[in-house]
Amino acid sequence: SIHDRDAPRQARAGAFRPRRAETGSIARVREWAVAALGGTASVSVSEIVCRDASCPGIETIILVMIPGQRTRACKISKPLEEVTEADVREAVAAG
């Protein structure tokens, strides 16, 4: 049936939507990053699974976008839920 054919597509789409807890964590980390950057940047926050053997497994990535500059990727070697404000300040200062 049509519904059966659409089920895999719907399942795949759901795999990329953040869980409710992640949505709150994303907003929290984004707020910390913007504050640490003095409100001058746009930021994007995501959690990825790194398959490289040298990676910790799950990382939080903060993309920092400032007009006129290259986008920077600041990495925190922790799952999104475990990231602290100090982690964010350190990552954006180093990145």
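Note that the structure is a prediction, hence the values are computed from the model and not measured.

Colleague: Can you help me understand the overall build of the chain in this one?
Modeller: Helix and strand content of the chain: three helices and three strands. Written out in order from the N terminus, the α and β elements of the chain read α-α-β-β-β-α. Taking all 95 residues of the chain together, 26% fall into the buried category. Contacts spanning at least 24 positions in sequence make up 31% of the contacts within the chain whose residues lie at least 6 apart. In the structure as shown, the chain presents an accessible area of about 6,500 Å², 53% of it carried by carbon and sulfur atoms.

Colleague: Could you clarify how one ought to interpret the side chain of Glu59 in this entry?
Modeller: Following the sequence through the fold, Glu59 ends up in strand β2 (residues 58-65). With no salt bridge to any partner, buried Glu59 finds its closest opposite charge in Lys75, at an N-O distance of 4.7 Å.

Rules behind the numbers
Residues numbered from 1 in each chain as written. Predicted model: local features only at pLDDT ≥ 70, side-chain atom pairs only at ≥ 80, totals over all residues. Heavy atoms only, no water. Helix = DSSP H or I, 4+ residues; strand = E, 2+ residues; numbered from the N terminus. Buried < 20%, exposed > 50% of the residue type's maximum accessible area, 1.4 Å probe, protein only. Contact = heavy atoms within 4.5 Å. Areas by Shrake-Rupley, 256 points an atom, 1.4 Å probe, with all protein chains shown as cover. Lys, Arg positive; Asp, Glu negative; His and termini not counted. Salt bridge = Lys/Arg side-chain N within 4 Å of Asp/Glu carboxyl O.

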